[in-house]
Amino acid sequence: IIELRDATPIISQFEPPPINQRILFSQYSNNIYLRKHNMTYSVNKVQKKKMEEPPAKRACTDHQTAQLKAYKGTPLELKCVNTIRALAADMVQKANSGHPGAPMGCAPMAHLLWSSAASGGTGRNHSAKNPNWWNRDRFVLSNGHACALQYVMLHLSGYEDCSMDQLKAFRQVGSSTPGHPENFCTDGVEVCTGPLGQGISNAVGMAIAAKHLGATYNTTDFPNIINSRTYVICGDGCLQEGISGEACSLAGHLGLGDLIVLYDDNHITIDGDTDLAFTEDVKMRYESYGWQVLVVDDVANGLDDLRAAIDEGKKCTDKPTLIKIRTEIGFGSPSKQGSASSHGAPLGVPEIEATKGRLYGCDPSQDFLVDEDVAAYFKEQADAGDQALAAWDADFAKYKEAHPDKANELERRFNGEIPEGAFDDLPTFVFGKDKANATRKFSEACINAVAKKMPELMGGSADLTGSNCCQIKGAGDFQKDTPEGSTLRFGVREHAMAAICNGMFAYGGLRPFCATFLQFAGYALGAMRCSALSKFGVIYIMTHDSIGLGEDGPTHQPVEMLESLRSMPNMCVVRAADANEMAAAYQIAINNVHTPTVICCTRGTVAPLEHSSRDKAMKGAYAVIEEEGEGAPDLVMIATGSEVWRCVDAAKALQSNHSIRTRVVSMPCQELFLEQSEEYRRSVLPGNVPTMSVEASAEHGWHRFSHAQIGVARFGMSGPLEQLFQKYGFGAENVASKGKELVDFYKNLGGNVPDLNCRPTFVNFQA
């Protein structure tokens, strides 16, 4: 017995009966859709009448028969590919949001990537039983807007986060199938992709990580403990973004042979045909990078050419491979195939029905359909992945017996565990004995101290190694012929550098770091934001952190960059004032496994601080100079980095010349300070005492901590750093003068100082 209810439109030749009229159907009629003249009804089974004969095999439409006849492959293979297309279109339609075109065009690629070698696929190693298997072959969907494709494949492969219910909840609040791939949301997703070009650049980092770890931990008797490949699907947009050119140029130089990129060459962007803006010869460009480039002209009518190309890519061990695959966006859609109209909007129910009527194995009367033979096929592929995992587990158990030290170190590194005593060798500055220096030199001492016990530290600079002071002593270069090296020469590629570090972190077993001038974080900002979003504890070493870099002038002098980074969620920014605070910065950064840390360093020398403390700096802020006498101070000055010692000098002048009892607070990390208890925060910054911030950067962001600010409200200038500090008001004399003005200002108001701590804090996010 079935009951008629409201429905979604689908083509039928039947006249719908009146609502609530009961009629008998076979128990196999789970969903019968009827429509005439755009009047739509649904028939849903609510009670079985009795067992009927199984339904007859679905008859093919003429279009489906023609597609099967033209297809050079098995009917099941074509049906699997079409099922992927239909599911992706159904997901976007139900969400009424998304991108159906790319998944429909790329479905043949996904079918091979998720098929075992025995079934004619790539034999990509992965398993839903252990999505974090160290040696899994990584897959990155760089054109992340096509994520319906990835979720469908994860569903067919048995990943719990992509159950059928989750496919139906695509792009909905709280689902594990968000609008672009998110690594922290969905098992089987390696990195956050969506900003085009990020994913393919992350993949370069993954390939670097695999090659380095394999060279470090594989042995002659166990040569395949780490031997994973990295596969990518990308689109025209990814290759137009400059970041991909930076990363792929480096990949070619490094000869990353285990990186295989499937380029969806569909000739369509949002605005229309790629001829509008992208007419270069991609093949020649990538060949000039040092890649092997293969061309596949057709995957709609058979997969043999793509199989052969992927096999060729796997055989090429000294070059990454780009397979340029001609596809049609929105494949199967009668009115939108090959058109930009299929890119970023649902096809529409009538169009989906018509599409399914053209795709062999699809049923126009049903949505979210996976027939038993298709489900059985992908179950077989998942079983093959589980068997590969079991075989690797057995090999690793033997490896652990034969090489216990290497195995234990691998386990520690992939578990993200910090080795015991990692911070024991961090330097401690002894006032009156140790030499004053630039904080970038203190940074160099710290990274070398930690690296002795943390070989997972791997990275380098964007062609500024000497200036950034980030060379780990004794660490050889990672190059094509020396993959065991842990120093990366990124070249002048800041954006790709950050994205590659994201990929290295995502791979596991490494703590990547990279370095450049703080101003050039602007080049890397898109990837740095992905670090924060993805919860990747990448360490960013940013030197030349203010106008104090001097003669290079305003093009190199950061003004707004500190506040830009501080305003980013899950980004920790540390600007140390001396060696002790720099030691704290590295301890903070290493401990921040799921938060990227920016360590900001001066070019110029900073004066020693008698009362600085690594332990106190770990709290984000502390009084580096206490006020004289009893009771609350007359003035509080907050500073960071190279401005702290200037404030110390100013405080001494205020005390001796004006009897203004001044506390100097060093605040190396605002984020950590805000995490402390209210009691501690008030003990450092009372709030109802005149408070002035001093930082050679933008004033924005300091208003919550201070009543007045000495900052930089214009771009810098070229000149010696001390002259610039004086000109911009950071000399001790001006700092003292402005401090006295602030105290006098509130005295003239009767001593009524607004309490900065006395204001409400709202939690607006609804958990």
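Here, every reference points to the structure presented above.
Residues numbered from 1 in each chain as written. Predicted model: local features only at pLDDT ≥ 70, side-chain atom pairs only at ≥ 80, totals over all residues. Heavy atoms only, no water.

### Quick notes on the environment of T439
So, point 1. Examined against the element boundaries, T439 turns out to sit in helix α14 (residues 439–451).
So, point 2. Remark: the alpha-carbon pair of T439 and V92, spanning 347 residues in sequence, is separated by 52 Å. (Helix = DSSP H or I, 4+ residues; strand = E, 2+ residues; numbered from the N terminus.)

### Quick word on the environment of G460
So, point 1. In this fold, G460 is placed in strand β12 (residues 457–461).
So, point 2. Taking the C-alpha atoms as reference points, G460 and G290, separated by 170 residues in sequence, lie 22 Å from one another.
So, point 3. The residues contacting G460, other than those within four sequence positions of it, are C470, L488, F490, M497, F513, C514 and A515. (Contact = heavy atoms within 4.5 Å.)

### Topic: the side chain of S461
So, point 1. Along the chain, S461 turns up in strand β12.
So, point 2. Residue class for S461 comes out buried when judged on its relative accessible area of 2%.
So, point 3. Here T465 takes part through its backbone nitrogen, which lies 3.3 Å from a polar atom of the side chain of S461.
So, point 4. A distance of 2.7 Å separates polar atoms of two side chains, one belonging to S461 and the other to N468.
So, point 5. Non-local contacts of S461, meaning those with residues more than four positions away in its chain, are made with N468, C470, L488, R489, F490, G491, M497 and A515. (Buried < 20%, exposed > 50% of the residue type's maximum accessible area, 1.4 Å probe, protein only. Polar contact = N/O pair within 3.5 Å; in protein donor to acceptor, adjacent residues only side chain to side chain.)

### Some thoughts on the state of the cysteines
So, point 1. Overall, the coordinates contain zero disulfides when judged by the stated rule.
So, point 2. Its sulfur unpaired, C530 is 6.6 Å from the next cysteine sulfur, which belongs to C192. (Disulfide = S-S within 2.5 Å.)

### Some details on the pattern of salt bridges
So, point 1. Enumeration over the complete set of coordinates arrives at 29 salt bridges.
So, point 2. Between K400 and E411 there is a salt bridge whose closest N-O contact spans 3.1 Å. Taken together, the positions of K400 in helix α12 (residues 372–402) and E411 in helix α13 (residues 404–414) put the pair 11 residues apart, joining distant regions of the chain.
So, point 3. Of the residues examined, E411 reaches a relative accessible area of 24% and is grouped as partly exposed.
So, point 4. Measuring nitrogen to oxygen at the nearest pair gives 3.4 Å for the salt bridge that ties E551 to R603. (Salt bridge = Lys/Arg side-chain N within 4 Å of Asp/Glu carboxyl O.)

### Quick look at the layout of surface pockets
So, point 1. When its volume is computed, the second largest pocket comes out at roughly 790 Å³.
So, point 2. At the level of secondary structure, the elements contributing two or more residues to the lining of the second largest pocket comprise α13 and α16 (494–507).
So, point 3. Broken down by class, the residue content of the lining of the second largest pocket amounts to 13 nonpolar, 10 polar and 10 charged. (1 Å grid on protein atoms, 1.4 Å probe; cavity = no way out; pocket = protein on both sides within 12 Å on 5 of 7 lines; lining within 4 Å. Points joined across faces, edges and corners; volume = space filled by probe spheres on them. Nonpolar A, V, L, I, M, F, W, Y, C, P; charged D, E, K, R; others polar.)

### What about the side chain of E643?
So, point 1. Residue placement: E643 occurs in the loop between β20 (635–639) and α21 (644–658).
So, point 2. Within the structure, the side chain of E643 is placed 2.5 Å from the side chain of S642, a separation counted as a polar contact.
So, point 3. The contacts of E643, once residues within four sequence positions are left out, are R575, V694, E695, A696, F725 and F730.

### Observations regarding the pairing of strand β10 (residues 321–326)
So, point 1. One ladder, built from six bridges, connects strand β6 (residues 259–265) with β10; its direction is parallel. Paired with I260 across the strands is T321, a residue of β10.
So, point 2. With five bridges joining them, strand β9 (residues 292–296) and β10 adopt parallel strand pairing. Paired with V295 across the strands is K324, a residue of β10. (Pairing = 2+ DSSP bridges.)

### Comments concerning the sheet that holds strand β22 (residues 691–694)
So, point 1. The strand order across the open sheet built from five strands is β19-β21-β20-β22-β23, with neighbouring strands paired in mixed fashion. Two strands lie at the open edges of the sheet, namely β19 (622–625) and β23 (708–710), each paired on one side alone. For this sheet, the mean inter-axis angle between neighbouring strands, taken without regard to orientation, is 30°.
So, point 2. With three bridges connecting them, β22 and β23 associate as parallel partners. Across the sheet, S693 pairs through a bridge with Q709, a residue of β23.
So, point 3. Its contacts with the sheet place helix α25 (residues 732–748) against β20, β22 and β23, and it is angled at close to 155° to β22. (Axes fitted to C-alpha atoms, helices over the stretch in contact; angles between N-to-C directions.)

Taken by themselves, the reported measurements are silent on function.
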